Every structure is written in structure tokens, then in C-alpha cells.
Amino acid sequence: MKIVTTEFITGAVSPQQYPKGVLPEFAFAGRSNVGKSSLIRSLLNRKKLVHISATPGKTQQINFFRVNENLMFADLPGYGFAKVPLSVKRKWQKMVEQYLLKRNSLAAVVFIVDLRRDPTALDLELKEWMDAYRIPYLVVATKADKVSRGARKKHVDKIRAAFLNPGDELVVYSSETQEGRKELWRRLRQRAESKKEGSGEGPAGESARPKRSPPR
Ligand code: GTP
Ligand code: MG
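For clarity, every value in this text was computed on a predicted model and none was experimentally measured.

Visitor: Explain unusual backbone geometry to me, please; I cannot follow it from the model alone.
Guide: Among all residues save glycine, negative phi is the norm, and among peptide bonds the norm is trans. Phi is positive for lysine 143, which is not a glycine, with a value near 65°. Tracing the backbone through its elements, the reader meets lysine 143 in the loop between strand 6 (137-142) and helix 4 (149-163). In this model, glutamine 178 sits at a positive phi of 75°, which is unusual for a non-glycine residue. Structurally, glutamine 178 is set in the loop between strand 7 (171-172) and helix 5 (181-196). Residue glutamine 178 is classed as partly exposed on the basis of its relative accessible area, which comes to 31%.

Visitor: Looking at this model, I keep getting lost on helix 1 (residues 36-44). Mind explaining?
Guide: Counting buried residues in helix 1 gives seven out of nine residues, a clear majority hidden from the surface. Turning to helix 1, its buried residues are Lys36, Ser37, Leu39, Ile40, Ser42, Leu43 and Leu44. Asparagine 45 lies just past helix 1 and shows a positive phi near 55°.

Cut-offs applied
- Residues numbered from 1 in each chain as written.
- Chains lettered and ligands numbered in written order.
- Predicted model: local features only at pLDDT ≥ 70, side-chain atom pairs only at ≥ 80, totals over all residues.
- Heavy atoms only, no water.
- Helix = DSSP H or I, 4+ residues; strand = E, 2+ residues; numbered from the N terminus.
- Buried < 20%, exposed > 50% of the residue type's maximum accessible area, 1.4 Å probe, protein only.

What follows is the structure, given as C-alpha cells:
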């Protein structure tokens, strides 16, 4: 994927602040410090555009980027950082929940997990929540450079068993080595195309939604 332009559009904490949702959009979600911002930087080949945390839990708003004038990326705040006070966690939960349920231009969530780690309860909760609300997502296991070749299969199998539904495929990624970048772009382009053609799933209708909350 040739990146011609990337622009930071805005940071938002509530729907009134979102940019207009006319382009197919991908939201990057995952545990705090899992490597969301790094993955966006790697996809965009931009060293400085997205803030990389020195301390986890730093991205506290939804950051919107426009790519090549035809796609949007939304960097969501990470969940599960223990040191954040409960009141702040609740605020984040509401922010992410509102976004995922209401953003009509959402083509898919790029759901990022750590290839090295066992799935956390919050990761599994997010998966179940997205399944329940029929929010389309794509599982990416990042930090692959930190896993030895010999141990890889074991980790991949664990992630597959925990997060993938029948027919889904896992993208193994490294923002360090760029492994998986072509593959992920291929899938994003596919999803963006089907979203433009109106055949993308998009968030489910209000009536189809059970009342549940995403993890926090
Ligand atoms: P929050 O915004 O706080 O939720 O974090 P985040 O998910 O955006 O994580 P971020 O991209 O800031 O990365 C967290 C740390 O992991 C940083 O020190 C990154 O350099 C490191 N990191 C991210 N991706 C990779 C990777 O693929 N390989 C390696 N080795 N390190 C990575
Ligand atoms: Mg971040």
C-alpha cells in the first residue's frame, strides 16, 4: 500500500466531536500498551504521526486520521490499565462503547492482541461484546518479533482458539520488522471496498443489540 497522505484530523471524547463519517473507517482497539499506536504508525510508515506511549494508558481520546483521502483510522484508548482510577475507566468505557455502536462509517475494528501473552479476561470480554453486537473485527496478533520461531505455533494456536470464529483468519504482525503489513493492508482494502459498496456488515441495528457493556 502506497501511503501518499496521512493527516491527523482531531481527537474526540464524544460523538459531537467526531469528524464527518463519510469515508470507510477502521478502529484500532486493544489492551493498553498492546501496540495500537505503533501498529498504526507501521501501517502508515510514519514515524511521528501517532503518539507512542512511554507510560501505558496515555491515549485517552479517540484520535482520527485520514489516509490517502479515502480511508479513516481511529486510534481508540486502550483498556485494562490497572493504575487508572475507576471513574476514568468508566468514562473510557462509555467513550469506546458509544463509538463502536454509533459510528456508521466503521468498516471494521482492528482488534489487537499480544502474540506473546495469554488472552486476558478483558480481551475476551471485548471479543464477546463485539460478537454480541455484531461489530465486524479483524484479529491482529502483534509483537511477533518478540516470539522465537520455535514458539510461534504454540502462541498462534492459543490466540486462534481464544479469539477466532470459524472462517476468521489471524494476521500475525510486528511493528518492529513490518511483518504482516502487506497482509493487513490487503485485508483492510478488501473491507473498505465492501463497506463502500454497502455490503459491509457495519454495526448492528439498535433492535438487534442486547444490553451489555464493553470491558473496562
Ligand atoms: P496505549 O495508547 O497506552 O493504550 O498503548 P498502545 O496500545 O498504543 O501501545 P504503543 O503503540 O504505544 O506501544 C507500547 C510499547 O510497545 C512501546 O514501547 C512500543 O515501542 C512497543 N511495541 C509496540 N509494537 C511493538 C512490536 O511490534 N514489537 C516490539 N518489539 N515492540 C512493540
Ligand atoms: Mg496508543
